[in-house]
Every structure is written in C-alpha cells, then in structure tokens.
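This is what each chain is made of:
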Amino acid sequence: MENPIIRFRIDPHIAKEVHRMAAEIGMELPDVMRAMLTKAVRNRSFSIDRERDAPTRLASDPVAGAYEPRYWDPLKPALEAELALALLHRIIARLTTSLDEGLSLEQPDLAELERVRDERDAACQRLADFDPNDRGAVQGILARFGASLPISDPDGPVE
C-alpha cells in the first residue's frame, strides 16, 4: 500500500474548530491527523474515551512527539546547540559556586579546589571555542555534561 488517501465526513462545526486548533499549534489538519494516527499505532490504542472530555495535558507528556519529523528534524541541530550552550553556562556556574564555597571553608581542600578549578577552566575553554555548527562539538558537550546535571534542583526549577 503506497501512501493511501483516507477520506471521511465530519460535522462542519467540528471541522472548523479542528482547523482552528491545528493552526494554533502551527500545523495543518492533515499533519495533525497523521501524527494522531501514528501515535495510535505506536501505542496500539486510539485512546478514545466516549464518556469524558479529554484529560488535561500533563507536564510529563512529550510535546515533541506530536510533531512530524519533516518539520521537527531541521530544528534539532539548532536546539541541541542551544542546549549544549546552556549546559556549558550551567556547569560553569555550578563549578564557580563550588569554588567559592570551598574557598570559604576554614580548612579548604586544596586538591579538590584545584580539580574543580581545572574542570571549570576546561568548560570555559569549551565555551570560548564553541561553534554551534560543529555537530561533533555539540554532541561532545551533550554527552559530557548532559547526564551530569539534574533537570531541576532541590532549591527550585532551573531557569
């Protein structure tokens, strides 16, 4: 079966509303329908609840999964570069804080402070040399620093 066309009838009021909803998220209705059907196949369920309204979207729901790869894929390199840059800034700030806290101790651990300083200097050098178009460098930063930082801190959300 080669790219079948599926046609169906729908109430004009509903058609108008779904076109508006698709436009609000920057998509065309056929793209929304393809994404919904793809998700149904992936989940092996249509997730149709005939007795209740749609549930409120949870923060844990993957937003990116709702978009078609042909729209999403061209953005990935730029988003990954932005993430790598943010990670570098965040790790430098965290290491600088560790240095400040270590230096404020009555008996600072000089070996540990030197290790933290060297790590911060290396991160600062990566930031100075950062080229968002160098996919290898971006992936290296994501691999090196991405898993070492939690999404949120106990002190509150990361901004």
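Preceding this section is the structure that the text describes.
Residues numbered from 1 in each chain as written. Predicted model: local features only at pLDDT ≥ 70, side-chain atom pairs only at ≥ 80, totals over all residues. Heavy atoms only, no water.

Focus on the overall build of the protein
So the rule is basically this: Strands are runs of DSSP state E lasting at least two residues, helices are runs of H or I lasting at least four, and both sets are numbered from the N terminus onward. Whether two residues are in contact is decided by their heavy atoms, any of which lying within 4.5 Å being enough. Per-residue and other accessible areas follow the Shrake-Rupley method at a 1.4 Å probe size, with only the shown protein chains counted as cover for residues.
Each helix and strand counted, the protein has six helices and zero strands in total. The helix and strand sequence of the protein, counted from the amino end, reads α-α-α-α-α-α. At a minimum sequence separation of 6, the contacts of the protein that also span at least 24 residues come to 64%. As presented, the protein carries roughly 13,100 Å² of accessible surface, and 57% of it is formed by carbon and sulfur atoms.

Some remarks on the packing of helix α5 (residues 110–129) against helix α6 (residues 135–145)
Put simply, the rule reads: For helices, the axis comes from a line fit to the C-alpha atoms of the stretch in contact; other axes are also lines fit to C-alpha atoms, and the angle between any two N-to-C directions lies between 0 and 180 degrees. By the definition adopted for this analysis, an angle is roughly parallel if under 35 degrees, roughly antiparallel if over 145, roughly perpendicular if from 65 to 115, and oblique otherwise. Crossings are assigned a handedness: left-handed for a near helix turned anticlockwise from the far helix by less than a right angle, right-handed for a clockwise turn. Three residue categories are used. Nonpolar comprises Ala, Val, Leu, Ile, Met, Phe, Trp, Tyr, Cys and Pro, charged comprises Asp, Glu, Lys and Arg, and polar comprises the others, including Gly.
Here α5 crosses α6 at 155°, and the two axes come no closer than 12 Å. By the angle between their directions, the pair α5 and α6 is classed as roughly antiparallel. Every pair of crossing elements has a handedness; the one defined by α5 and α6 is left-handed. Contacts from Glu-119, Ala-123 and Arg-126 of α5 reach α6 at Gly-140, Ile-141, Arg-144 and Phe-145. Classifying every residue of the contact of α5 with α6 by side-chain character gives three nonpolar, one polar and three charged.

Quick look at a nonpolar patch on the surface
Put simply, the rule is: Patches in this entry comprise residues that are over 30% relatively accessible and not in a salt bridge; like charges within 9 Å are linked, as are nonpolar side chains (Val, Leu, Ile, Met, Phe, Trp, Tyr) within 5 Å. Salt bridge criterion: a side-chain nitrogen from Lys or Arg within 4 Å of a carboxyl oxygen from Asp or Glu. Relative accessible area decides the class of each residue, using a 1.4 Å probe on protein chains only: under 20% of the type maximum gives buried, over 50% gives exposed, and in between gives partly exposed.
On the surface, Ile-6, Phe-8, Ile-10, Ile-14, Leu-37, Phe-46 and Ile-48 cluster together into a nonpolar patch covering about 770 Å² of accessible area. Residue position: Phe-46 is located in the loop between α2 (29–43) and α3 (69–72). Phe-46 sits in the exposed class, given a relative accessible area of 62%.

Some thoughts on α2
Counted only if it meets this: Multiplying one less than the number of residues by 1.5 Å gives the expected span of a helix.
For α2, with 15 residues, the first-to-last C-alpha span of 21 Å sits near the 21 Å given by 1.5 Å per residue. Close packing links the buried residues of α2 with α1 (12–24) and α3. Phi turns positive one or two residues past the end of α2, at Arg-44, with a value near 60°.

A short note on helix α4 (residues 76–103)
Taking 1.5 Å of rise per residue, 28 residues should cover 40 Å, and α4 covers 40 Å from first to last C-alpha, within 8% of that figure. Regarding α4, the residues found buried are Ala-81, Ala-84, Leu-87, Leu-88, Arg-90, Ile-91, Ile-92, Leu-95, Leu-99 and Gly-102. The inward-facing, buried residues of α4 abut α5 and α6.

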